[in-house]
Amino acid sequence: MVPTDFLQNVYSRLGEVPFGKVTTYKRLAMAVKTKAYRSVGNAMRSNKDLTNIKCFKVVKSDGSLGGYALGAREKIRRLKAEGIEVKDGKIVDFKKKLFTF
DNA sequence: CAACCGGCCTGGA
DNA sequence: CTCCAGGCCGGTT
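Keep in mind that what you see is a predicted model, and the values were worked out from it rather than measured.

**Q** Outline the overall build of chain A, listing residues and values.
**A** Counting secondary structure elements, chain A contains five helices and four strands. When the helices and strands of chain A are listed from N to C terminus, the series reads α-β-α-α-β-α-β-β-α. Expected size for 101 residues packed as a compact globule is a radius of gyration near 13 Å; at 12 Å, chain A falls within 12% of this value. When its C-alpha atoms are laid out on the principal axes, chain A stretches across 35 × 25 × 20 Å. Scored against the burial criterion, the 101 residues of chain A give a buried share of 38%. Here the analysis covers contacts within chain A between residues at least 6 apart in sequence; of these, 61% occur between residues at least 24 apart. Of the roughly 6400 Å² of accessible surface on chain A, 51% is carried by carbon and sulfur atoms. A distance of 3 Å separates the average location of the 22 positive side-chain charges in chain A from that of its 9 negative side-chain charges.

Written as structure tokens, this is what we have:
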């Protein structure tokens, strides 16, 4: 299937997030001029290209992890690989690690 | 057309 | 102030 404009937009924006930083579903949604936070998550889920699309860099607005296709465990591991610590299911120093578009 | 969703926010206990 | 439940928006399948 061919990705929609929305999806391409989301993926593109996600690619702007620098190493060591994260973003939220909401912020991402705002970046693509939409209020469909849920759809963004849905988009991540439907994404197959995990190698090129770092969906693990997207978390909830309150700093908690949210979901991940490969499991929360894996998500945490990946984030840690970028120097982002996760404690008790939440990002440490979330506000600092948060990237704003 | 109907159902699903990796969320967010607000209100009540 | 913290915790739980319900409601709600928008886009995909």
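The rest of the description comes next.
**Q** If you had to explain the packing of helix H1 (residues 5-16) against helix H3 (residues 37-46) to someone new, which residues and values would you point to?
**A** Following both chains from N to C, one finds H1 and H3 inclined at 85°, their axes separated by 10 Å at the closest point. Classified by the angle their axes make, H1 and H3 are roughly perpendicular. Where H1 approaches H3, its residues Phe6, Leu7, Val10, Tyr11 and Leu14 are matched on the opposing element by Ser39, Val40, Ala43 and Met44. Looking at the contact of H1 with H3, its residues break down into eight nonpolar, one polar and no charged.

**Q** I'd love a proper account of the side chain of Asn47, names of residues and values included.
**A** Take Asn47: it is sitting in the loop between H3 and strand E2 (58-59). Residue Asn47 is classed as buried on the basis of its relative accessible area of 7%. Excluding residues within four positions of it along the chain, Asn47 makes contact with Tyr11, Ile53 and Cys55.

**Q** Go over unusual backbone geometry with me, naming the residues and quoting the values.
**A** Comment: phi is negative for the bulk of residues other than glycine, and the bulk of peptide bonds are trans. The phi angle at Lys33 is positive, at roughly 60°, despite the residue not being glycine. As for its position among the elements, Lys33 is in the loop between helix H2 (25-31) and H3. At Asp88, a residue that is not glycine, the phi angle is positive and equals roughly 55°. Tracing the sequence through the fold places Asp88 in the loop between strand E3 (86-87) and strand E4 (90-91).

**Q** How would you sum up the protein's contact with DNA strand C? Please name residues and give values.
**A** Around DNA strand C there are nine residues in total, and Thr4, Thr34, Ala36, Ser39 and Asn42 lie nearest to it. Considering the 4 Å shell around the protein, atoms of DNA strand C inside it are sugar or phosphate in 58% of instances. Lys35 places a polar side-chain atom, nitrogen or oxygen, 3.5 Å from a phosphate oxygen of DNA strand C. The contact in question runs from a base nitrogen of DNA strand C to an N or O atom on the side chain of Asn42, over 2.8 Å. For the surface near DNA strand C, the element with the most residues is H3, which contributes three residues. The residue makeup of the surface near DNA strand C, split by class, is three nonpolar, four polar and two charged.

Conventions used here
- Residues numbered from 1 in each chain as written.
- Chains lettered and ligands numbered in written order.
- Predicted model: local features only at pLDDT ≥ 70, side-chain atom pairs only at ≥ 80, totals over all residues.
- Heavy atoms only, no water.
- Helix = DSSP H or I, 4+ residues; strand = E, 2+ residues; numbered from the N terminus.
- Rg over C-alpha atoms; globule rule 2.2 N^0.38 Å.
- Buried < 20%, exposed > 50% of the residue type's maximum accessible area, 1.4 Å probe, protein only.
- Contact = heavy atoms within 4.5 Å.
- Areas by Shrake-Rupley, 256 points an atom, 1.4 Å probe, with all protein chains shown as cover.
- Lys, Arg positive; Asp, Glu negative; His and termini not counted.
- Charge placed at Lys NZ, Arg CZ, Asp CG, Glu CD.
- Axes fitted to C-alpha atoms, helices over the stretch in contact; angles between N-to-C directions.
- Parallel < 35°, antiparallel > 145°, perpendicular 65-115°, else oblique.
- Nonpolar A, V, L, I, M, F, W, Y, C, P; charged D, E, K, R; others polar.
- Near = heavy atom within 4 Å.
- Polar contact = N/O pair within 3.5 Å; in protein donor to acceptor, adjacent residues only side chain to side chain.

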